[in-house]
Amino acid sequence: MAVSAISGAGSGAYVQQVNNAAAERRVEQARLAEQEQTRREADAARTDQQNVARRQAQQTSDAEAAQQRDFLTRQQLQAQNSQPQAPAPGSRVNEVV
């Protein structure tokens with residue numbers, strides 16, 4: 001009996017230390033999980049911002065390319081309209097009467 005009484009005398013303090021250490025680990029794990037979640041959310045927000053910026057840049061580039069094509073088409077049409085048109089071969093205009 002004396003041995004069990006001696007071994008049990010300090011066990012309450014030891015159990016309390018173990019419980020405290022486990023509680024500290026849980027708090028630290030929760031803190032780390034919260035930091036990881038915050039980091040993931042920041043990464044997702046940054047990725048979204050990059051995707052929006054990329055789409056906007058592509059839209060701007062597409063619009064500029066369309067304007068350039070329109071300009072070149074107008075230039076070609078104006079050049080064609082300013083040149084005198086030769087009559088089509090075999091048309092009556094080419095016949096000598």
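This structure is a prediction, so every number in the text was calculated from the model and none was measured.

The next thing to look at is the overall build of the protein chain. A count of helices and strands for the protein chain gives two helices and zero strands. Taken over 97 residues, the protein chain has a buried fraction of 1%. Here the protein chain has roughly 8800 Å² of accessible surface; of this, 55% comes from carbon and sulfur atoms.

All chains considered together, the criterion is met by five salt bridges. For Arg39, the salt bridge identified is with Glu36, shortest N-O distance 2.4 Å. Of the two residues, Arg39 and Glu36 both sit in helix α2 (residues 11-82), three residues apart, roughly one turn of that helix. Among the ionic pairs, Arg39 bridges to Asp43, the shortest N-O distance being 2.6 Å. With Arg39 and Asp43 both in helix α2 and four residues apart, this pair spans about one turn of that helix.

In this section: a nonpolar patch on the surface. A contiguous nonpolar patch, built from Tyr14, Val15 and Val18 and spanning about 290 Å² of accessible area, is present on the exposed surface. Position of Val15 relative to the elements: it lies in helix α2. When its relative accessible area of 44% is taken as the criterion, Val15 is described as partly exposed.

On average, residues of the protein chain score 86 in pLDDT, and 81% of them are at 70 or above. Throughout residues 1-6 the model reports pLDDT below 50, and contacts reaching past four residues in sequence, or to other chains, amount to zero contacts.

Cut-offs used in this document
Each chain has its residues counted from 1, following the order in which its sequence is written. With the structure being a predicted model, the display of local features is reserved for residues of pLDDT at least 70 and the display and counting of side-chain atom pairs for 80 or more, all residues being used for whole-chain, interface and lining totals. Hydrogens and waters are ignored; side-chain quantities use all the structure's heavy atoms. Each helix corresponds to a stretch of at least 4 residues labelled H or I by DSSP, and each strand to a stretch of at least 2 residues labelled E; elements are numbered beginning at the N terminus. Remark: exposure states derive from per-residue accessible area (1.4 Å probe, protein chains only) relative to the maximum for the residue type, with buried under 20%, exposed over 50%, and partly exposed in between. Each accessible area is a Shrake-Rupley estimate made with a 1.4 Å probe; only the visible protein chains count as cover when residues are assessed. Salt bridges are counted wherever a side-chain nitrogen of Lys or Arg sits within 4 Å of a carboxyl oxygen of Asp or Glu. To count toward a patch, a residue needs a relative accessible area above 30% and no salt bridge. Like charges then connect within 9 Å, nonpolar side chains (Val, Leu, Ile, Met, Phe, Trp, Tyr) within 5 Å. pLDDT is defined as a per-residue confidence score from the predictor, taking values between 0 and 100. Between two residues, a contact is recorded if the distance between any of their heavy atoms is within 4.5 Å.

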